[in-house]
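Examination of the molecular architecture
Here are the chains, one letter per residue:
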Amino acid sequence: YPDSTMGVDYWFGPINGTQPAWNGDLASIRGLLNFSQALGRRLQTPLGSLVYHHDYGSRIPAEVGAIQSTDEARRLAAFGRAALAADKRTGRILSASAAVLPGFTATFAGVVQPIGPGATPVNVSSLILPPGA
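Residues numbered from 1 in each chain as written. Predicted model: local features only at pLDDT ≥ 70, side-chain atom pairs only at ≥ 80, totals over all residues. Heavy atoms only, no water.

Attention now goes to the sheet that holds strand β5 (residues 122-128). Here three strands make up an open sheet; going across it, the order is β3-β4-β5 and the pairing antiparallel. Where the open sheet ends on each side, the last strands, each with one partner, are β3 (90-101) and β5. Ignoring strand direction, the axes of neighbouring strands in this sheet form an average angle of 15°. Across seven bridges, the pairing between strand β4 (residues 105-114) and β5 is antiparallel. Each bridged residue has a counterpart across the sheet, and for threonine 107 the counterpart in β5 is leucine 127. Against the sheet, helix α2 (residues 31-44) engages β3, β4 and β5, with an angle of about 30° to β5. Contacting β3, β4 and β5, helix α4 (residues 70-85) crosses the sheet at an angle of about 150° to β3. (Pairing = 2+ DSSP bridges. Helix = DSSP H or I, 4+ residues; strand = E, 2+ residues; numbered from the N terminus. Axes fitted to C-alpha atoms, helices over the stretch in contact; angles between N-to-C directions. Contact = heavy atoms within 4.5 Å.)

Counting residues in each nonpolar core, the largest one holds 19 residues, and the members touching the most others are Leu43, Ile60, Leu84 and Val112. Within the residue set of this core, elements represented by two or more residues are α2, α4, β3, β4 and β5. With five residues, the single largest contributor to this core is α4. Residue contacts for leucine 84: discarding those within four places in its chain leaves Leu39, Leu43, Thr90, Ile93, Phe108, Val112 and Val124. (Core = buried A, V, L, I, M, F, W, Y, C linked by side-chain atoms within 4.5 Å. Buried < 20%, exposed > 50% of the residue type's maximum accessible area, 1.4 Å probe, protein only.)

This is the structure we're talking about:
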């Protein structure tokens, strides 16, 4: 179930981290870890920025750097919730929250119940930097 439903993909390192050194082969990421990583990447990709996948991404990156307030954090949480719901592997969103930080960055944290019987909820955590950072 985890590999066939949640997928297998290439792993290019942690989000906001350094890509692992080349060792002659491409690493893979699979199952629930792949799903969690894919949701994190979706949150950090500006909605509409991929030419052939205009409905992929999130409205969060465009908002990072706006006025920092509790209203802004609620808006980012709503945008994040919508991005998580857009993934066809998402069954239910158990929680979603965002916070704005000094330096015009934002964090998003959520817990998602994937589709399928007996699927284990996954945590999604993302630090989103302002454009050009």
